[in-house]
Amino acid sequence: MIFRQFVDDDLGCASYLIGCADGGTAVVVDPAYRIEHYLAEAEKRGVRVVRVLETHTHADHVSGHGRLALEHGVPISVHSAAGATFPHDPLADGVEIYPGHVAGSLCGAGMSSKASSTIGFERRFNHALTKPDLESFVSDVAGSLPPRPPTIDRVVELNRGPFVAAPEPVGRLDRIAEGGVVLDVRSPDEFAAGHVPGALNVPVGGSSFATKAGFVLPLERPIVLHGSVDEVDAAAVGLRAVGFLELAGFLTDVPATERMEPVGLDEVERRLATGEIDLVDVREADERDRGYIPGSRHIPYRLARQAAENGLAGGKPVVTICESGARAAVAASVMAAAGIDARPVLHGGVHDWRGETVAFRRCG
């Protein structure tokens, strides 16, 4: 018996290679768009992938079922209620379940990081199953869902529709494509030291890269990547997983003339007290409720582009802050690209604040 779990920690998604070594066959369950690791594992184990099993139509990542069908002739099975328009064999209920999503996935809230479980364990300990009636269950589930990224509709349609073929290699560019947006995938410190004017910064080495990029990138513009070859390769995998299939190319040696000097907490404290800056807390609402800096405003990093496009009131220089600097860097780059004087607190965050913080408890 072959049972191999693959977990994408960046997206919080799990997929599986399940097979029989004696029979020489295997199936892939919920494949990611990057299928090479399944094929390598199957070859290593001496089995041939003979079917794809999709547990549902995925909304947070592009599936690899199309590539397995187009490149290797593998048939696909999916539930009859999935609304799939590609060739498939319909399934009905009645399967023992391993998770297709774990902690970090956008498909649920309060999810466990356990890689496997049992129905009995979930019936006893899963908080969603402790509700006394349907109304309270729906209220709890609907009220705790994570933010919905703009890429979801695109991903769902890609996964329901015609097969998605293998991507073209990302080519090197000597200039920015017309109408393109530069996504700088280097570290926040490298970005701060010098970047292409107007670039957005989402470090590929940070957590939840693809999710963060999906929130801040405009869906309609060509994407030009900036970083090392290894960083660009990793970024391309993440972006394609959330539906950004058409990448214009990448830059490695371009004039990086723009600077973004980080702000220290001492400077924040001094300038906030004198009213010189607009301090923007870019964490999520539940994080802010547990403690925030008096006088700060709340704009989650994922809404920075909309806020910048709609104009930030006051006209003061903006300083962004979060828990550790990662989301503050993303938000500041998005605001700066929109023409706002924005700088991040890179090394530190709200919990390092030495002054007073305020907690907030919501009713209902």
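Our structure is the block above this text.
The rules we used
- Residues numbered from 1 in each chain as written.
- Predicted model: local features only at pLDDT ≥ 70, side-chain atom pairs only at ≥ 80, totals over all residues.
- Heavy atoms only, no water.
- Core = buried A, V, L, I, M, F, W, Y, C linked by side-chain atoms within 4.5 Å.
- Buried < 20%, exposed > 50% of the residue type's maximum accessible area, 1.4 Å probe, protein only.
- Helix = DSSP H or I, 4+ residues; strand = E, 2+ residues; numbered from the N terminus.
- Salt bridge = Lys/Arg side-chain N within 4 Å of Asp/Glu carboxyl O.
- Pairing = 2+ DSSP bridges.
- Lys, Arg positive; Asp, Glu negative; His and termini not counted.
- Polar contact = N/O pair within 3.5 Å; in protein donor to acceptor, adjacent residues only side chain to side chain.
- Contact = heavy atoms within 4.5 Å.
- Patch = residues over 30% accessible without salt bridge, like charges linked within 9 Å, V, L, I, M, F, W, Y side chains within 5 Å.
- Areas by Shrake-Rupley, 256 points an atom, 1.4 Å probe, with all protein chains shown as cover.
- Phe/Tyr/Trp six-rings, centres within 6.5 Å; stacked < 30°, edge-to-face > 60°.
- Lys NZ or Arg CZ within 6 Å of the ring centre and 35° of its normal.

## Looking at the nonpolar core
For step 1, the next point in the chain: Ranked by size, the top nonpolar core spans 52 residues in total, and within it Leu183, Phe209, Leu217, Leu225 and Leu239 carry the most contacts.
For step 2, the next point in the chain: In terms of residue count, helix H12 (residues 326-337) provides more of this core than any other element does, six residues in total.
For step 3, the next point in the chain: Core analysis: the second largest hydrophobic core is formed by 19 residues, Ile2, Ile35, Ala82 and Phe86 among them.

## Some words on the pattern of salt bridges
Opposite charge on two side chains lets them pair, provided their charged atoms get close.
For step 1, the next point in the chain: Summed over all chains, the structure comprises 19 salt bridges.
For step 2, the next point in the chain: One salt bridge connects Glu287 with Arg327, and the closest N-O pair in it is separated by 2.8 Å. In this pair, Glu287 sits in helix H10 (residues 285-289) while Arg327 sits in helix H12, placing the two residues 40 residues apart along the sequence.
For step 3, the next point in the chain: Judged by relative accessible area, Arg327 falls into the buried class, the value being 16%.
For step 4, the next point in the chain: Each of Glu267, Arg271, Glu276 and Arg343 takes part in salt bridges that share partners, so that together they form one network.

## Some points on the sheet that holds strand E14 (residues 342-344)
For step 1, the next point in the chain: Spatially, E12-E11-E13-E14 is the arrangement adopted by the four strands of the open sheet, whose pairing is parallel. Looking at which strands have only one partner, the edges of the open sheet turn out to be strand E12 (297-298) and E14.
For step 2, the next point in the chain: Two strands pair when backbone bridges link them, and strand E13 (residues 318-321) and E14 are joined in this way by three bridges, in the parallel orientation. Along E14, the bridge assignment pairs Val319 with Arg343.

## Details of the side chain of Arg240
For step 1, the next point in the chain: By secondary structure assignment, the location of Arg240 is in helix H8 (residues 229-241).
For step 2, the next point in the chain: Buried charge without a partner: Arg240 forms no salt bridge, and the closest opposite charge is Asp233, 7.5 Å away.
For step 3, the next point in the chain: Polar contacts involving the side chain of Arg240 include one to the main-chain carbonyl oxygen of Glu168, which spans 2.6 Å.
For step 4, the next point in the chain: The contact partners of Arg240, leaving out residues within four places of it in the chain, are Tyr33, Val62, Pro167, Glu168, Pro169, Val170, Leu245 and Leu247.

## Topic: a nonpolar patch on the surface
For step 1, the next point in the chain: Together, Leu129, Leu134, Phe137 and Val138 line one region of the surface with nonpolar side chains, adding up to about 380 Å² of accessible area.
For step 2, the next point in the chain: Among the structural elements, Leu134 can be located in helix H4 (residues 134-143).
For step 3, the next point in the chain: Residue classification places Leu134 among the exposed residues on the basis of a relative accessible area of 64%.

## Points about the pairing of strand E9 (residues 223-226)
The side chains of a regular strand alternate, residue by residue, between the two faces of the sheet.
For step 1, the next point in the chain: Residues Ile223 and Leu225 point to one face of E9 and Val224 and His226 to the other, with burial holding for every one of them.
For step 2, the next point in the chain: The pairing of strand E7 (residues 181-184) with E9 spans four bridges and is parallel. Bridging from a neighbouring strand, Val181 pairs with Ile223 of E9.
For step 3, the next point in the chain: Where E9 meets strand E10 (residues 247-251), four bridges bridge the pair, whose relative direction is parallel. Bridge pairing links Leu225 to Phe250 in E10.

## Some thoughts on the pairing of strand E4 (residues 48-54)
For step 1, the next point in the chain: In this structure, strand E3 (residues 25-29) lies alongside E4, joined through five bridges in parallel fashion. Bridge pairing in E4 places Val28 opposite Val52.
For step 2, the next point in the chain: Here three bridges tie E4 to strand E5 (residues 76-79), and the two strands are oriented parallel to one another. Of the residues in E5, the one forming a bridge with Leu53 is Ser77.

## Things to note about helix H7 (residues 209-216)
For step 1, the next point in the chain: The buried fraction of H7 is high, at eight of eight residues.
For step 2, the next point in the chain: For H7, the complete set of buried residues consists of Phe209, Ala210, Thr211, Lys212, Ala213, Gly214, Phe215 and Val216.
For step 3, the next point in the chain: Residues of H7 that are buried sit in contact with E7, strand E8 (200-201), H8, helix H11 (304-310) and H12.

## Here we look at the packing of aromatic side chains
For step 1, the next point in the chain: Scanning the entire structure with this criterion turns up four aromatic pairs.
For step 2, the next point in the chain: Seen from their ring centres, Phe86 and Phe163 are 5.6 Å apart, and the 40° between their planes marks the pair as tilted. Of this pair, Phe86 sits in the loop between E5 and strand E6 (89-91) while Phe163 sits in the loop between helix H5 (152-160) and E7; the two residues are 77 residues apart in sequence, bridging distant segments of the chain.
For step 3, the next point in the chain: A residue is classified by how much of its surface remains accessible, and Phe163, at 24% relative accessible area, is partly exposed.
For step 4, the next point in the chain: Aromatic side chains Phe215 and Tyr301 sit 6.1 Å apart centroid to centroid with 85° between the ring planes, which places their arrangement in the edge-to-face category. Of this pair, Phe215 sits in helix H7 while Tyr301 sits in the loop between E12 and H11; the two residues are 86 residues apart in sequence, bridging distant segments of the chain. The residues Phe215 and Tyr301 share a single accessibility class, namely buried.
For step 5, the next point in the chain: Arg154 extends its terminal NZ or CZ atom over the ring of Phe244, reaching a point 5.4 Å from the ring centre.
For step 6, the next point in the chain: Taking NZ or CZ as reference, Arg288 lies 4.1 Å from the ring centre of Tyr292, over its face.

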